[in-house]
Amino acid sequence: MNPVEKIITEQKKYFFSGKTKDINFRADALKRLGSAIKKREGDVLAALMGDLGKSAFEAYVTEVNTTLDEIKFALKNLKNWTGDIRVPTPLTHFPSKCFMHPEPYGAVLIMSPWNYPFMLTLTPLVSAIAAGNCAVIKPSEYSPSTSALLAELIGEIFPQEYIAVVEGGRKANETLLDNKFDYILFTGSVAVGRVVMTAAAKNLTPVTLELGGKNPCIVDGTLDMNLAAKRIVWGKCINSGQVCLSPDYVFVKKGHKQAFTDAFIKAVRKSYGENPIESGDYCRIVNKKHFDRLSGLTEGANIIHGGRRDAETLKIEPTLIDGATWDSQIMKEEIFGPLLPVFEYENLGEAVKEINSHPKPLALYIFTKNKDTEKYILDNTSSGGCSINDTIVHMATTHMPFGGVGDSGMGGYHGKYGFDTFTHYRSVLSKSKLIDLPIRYPPYGDKLKLFKAIFRP
């Protein structure tokens, strides 16, 4: 038995002991996790600086605070979430009562990415714990400092038979996927998502896939252009564009492209100065492999603004690109970096048609003051989520699910939706022992006429 098999065997044994199903046990586990995060906050921020060059502010707001908020919300609502849900009982089942009983899946696998290595590991873990599961966590090898910290932090507060961290690269991923879990939540690329789903299918393991895609922005020119550009720049440059929700390209209404370009440049300079590469608030690219990939996407491009890069610090300046086509390499893949192609459109239907001719994105962004425009886009496109007159922030709430659709993923989590993801709702009917209607039992004789008279819809 290899180490991974041993962990899974121990977790299933621990799960069947019933300990994790106790509401007080779940609440205590969440409190311990929250306390550990607060205690090690400085170490978390240092690890994120080491892996991605994240400033303390960005690291805290997007990773630490988001995770703590998820814990707080789960603790506040745990009692309500874990109760049975009464539902109406059909007349045909009289006399009885029907309800749904939430129960955890068992031993679950959480595979997280490198771009938000702390938050995208622990927020789904919060949901798994709240739902009463055991969990194996697999952080990304591309964020080694955070991965090591997670292994240390989790190891200090939880026994391995309850929550375990498995570090490593592709081999570790393959070993994990060769084993049978009761549920898998994966966050990462579409290509690896296909591998995960294929592996899960062999064991009929249910999955949630949080993937990505080419997220469009539509700017119709009715909203103040400085405001629109500022929010697009923020969404494109946070984590240096290494965000699955990052704006991937912009459609600007014809006649407004120059205004958008000017506003974009102004917003970049105001946020990061004349040379963003030197800004302490601007993250670096995670590694040389991705730096080289992004550098290659700019070759031969018509760069309107930016384009400078530093191979030593692995930083690439926010870069606005004109003249790209869907045959350009930059439009054939998710950019996942600070490069932003800009297009013009003459009429809204044209832009919507172009968006719909490609795989459904994880996010879609609409910048307009016109409610009819807003409604038209929402009614005629599909995406995992949407922000109107902003970017990314729609995922930062415990009251709505975060997830994709089509090629951008399946399923979702956050708050109650995360609890639901890691929960099986068992349908239960409890029949009265006092009355037993004879009409259901043979011999049937002429009972059909009576049945229709009483129960026919």
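Residues numbered from 1 in each chain as written. Predicted model: local features only at pLDDT ≥ 70, side-chain atom pairs only at ≥ 80, totals over all residues. Heavy atoms only, no water.

*Asks:* Whenever I open this one, the overall build of the protein chain confuses me. Can you help?
*Replies:* Each helix and strand counted, the protein chain has 15 helices and 20 strands in total. Taken along the three principal axes of its C-alpha coordinates, the protein chain extends 85 × 55 × 40 Å. Buried residues in the protein chain amount to 53% of all 457 residues. Contacts in the protein chain between residues at least 24 apart in sequence constitute 72% of all its contacts with a sequence separation of at least 6. Carbon together with sulfur atoms contributes 54% to the accessible area of the protein chain, which is approximately 20900 Å² in total. (Helix = DSSP H or I, 4+ residues; strand = E, 2+ residues; numbered from the N terminus. Buried < 20%, exposed > 50% of the residue type's maximum accessible area, 1.4 Å probe, protein only. Contact = heavy atoms within 4.5 Å. Areas by Shrake-Rupley, 256 points an atom, 1.4 Å probe, with all protein chains shown as cover.)

*Asks:* Explain the state of the cysteines here, please?
*Replies:* Two cysteines whose sulfur atoms are joined by a covalent bond form what is called a disulfide. Under the defined criterion, the tally for this structure stands at zero disulfides. No disulfide involves Cys 217; its sulfur sits 9.9 Å from the nearest other cysteine sulfur, which is in Cys 386. For the unlinked cysteine Cys 244, the closest cysteine sulfur is that of Cys 217, found at 14 Å. In this structure Cys 244 comes out as buried when scored by relative accessible area, which is 11%. (Disulfide = S-S within 2.5 Å.)

*Asks:* What's the story with the pairing of strand S6 (residues 183–187) in this structure? I'm lost.
*Replies:* Among the five residues in S6, five count as buried, and that is most of the element. Because side chains alternate across S6, one face comprises the buried residues Tyr 183, Leu 185 and Thr 187, and the other comprises Ile 184 and Phe 186, equally buried. In this sheet, S6 lies alongside strand S3 (residues 107–111) in parallel orientation, the contact comprising four bridges. When the sheet's bridge partners are listed, Val 108 is paired in S6 with Tyr 183. (Pairing = 2+ DSSP bridges.)

*Asks:* Even after reading the chapter, I still don't get the pattern of salt bridges, so can you show me in this structure?
*Replies:* It is possible for side chains bearing opposite charge to pair when their charged atoms get close. For the structure on display, the rule yields 19 salt bridges. Linking Glu 156 and Arg 40 is a salt bridge whose minimum nitrogen-to-oxygen distance equals 3.3 Å. On the criterion of sequence distance, the pair formed by Glu 156 in helix H6 (residues 144–157) and Arg 40 in the loop between helix H2 (23–39) and helix H3 (41–52) is long-range, its members being 116 residues apart. Judged by relative accessible area, Arg 40 falls into the buried class, the value being 11%. Here Arg 194 and Asp 407 are joined by a salt bridge, their closest N and O atoms 3.9 Å apart. Pair noted here: Arg 194 is in helix H8 (residues 190–202) and Asp 407 is in the loop between strand S17 (402–403) and strand S18 (409–410), with a separation of 213 residues, a long-range link. On the basis of relative accessible area, Arg 194 is assigned to the exposed category, the value being 52%. Residue Asp 407 is classed as partly exposed on the basis of its relative accessible area of 36%. One continuous salt-bridge network, built from bridges that share partners, spans Arg 40, Asp 43, Glu 152 and Glu 156. (Salt bridge = Lys/Arg side-chain N within 4 Å of Asp/Glu carboxyl O.)

*Asks:* Honestly, the sheet that holds strand S5 (residues 163–165) in this entry has me stumped. Any pointers?
*Replies:* Pairing between the strands of a sheet is mediated by backbone hydrogen bonds and can be parallel or antiparallel. If you walk across this open sheet you meet the six strands as S5-S4-S3-S6-S7-S18, and the pairing is mixed. Sheet topology places S5 and S18 at the edges, where each strand pairs with a single neighbour.

*Asks:* So what exactly am I meant to see when it comes to helix H1 (residues 3–16) here?
*Replies:* In an α-helix, one turn spans 3.6 residues, which is why side chains three or four residues apart end up on the same side. A rise of 1.5 Å per residue sets the reference length of H1, with its 14 residues, at 20 Å; its end C-alpha atoms lie 20 Å apart and thus fit the reference within 8%. At its buried positions, H1 is contacted by H2, strand S2 (96–104), S3, strand S4 (134–138), S5 and helix H7 (170–177). The N-cap residue of H1 is Asn 2: its side-chain oxygen and the backbone nitrogen of Val 4 are 3.1 Å apart. Gly 18 sits one or two residues past H1 and shows a positive phi near 90°. (Expected span 1.5 Å × (residues − 1). Polar contact = N/O pair within 3.5 Å; in protein donor to acceptor, adjacent residues only side chain to side chain.)

*Asks:* Where do I start with the sheet that holds S2 in this structure?
*Replies:* Taken together, the three strands give an open sheet; going across it, the order is S1-S2-S20, and neighbouring strands pair in antiparallel fashion. Here the strands that pair on one side only, and so sit at the sheet edges, are strand S1 (85–87) and strand S20 (423–431). Within the sheet, the average angular offset between the axes of one strand and its neighbour, ignoring direction, is 30°. For S1 and S2, the ladder comprises three bridges, and the chain directions are antiparallel. What sits directly across from Arg 86, in S2, is Phe 99. (Axes fitted to C-alpha atoms, helices over the stretch in contact; angles between N-to-C directions.)

*Asks:* It is not clear to me how the environment of Ala 263 should be interpreted in this structure. Could you clarify?
*Replies:* When you line up the elements, Ala 263 lands in helix H10 (residues 257–272). Taking the C-alpha atoms as reference points, Ala 263 and Asn 226, separated by 37 residues in sequence, lie 5.1 Å from one another. Non-local contacts of Ala 263, meaning those with residues more than four positions away in its chain, are made with Met 225, Asn 226 and Ala 229.

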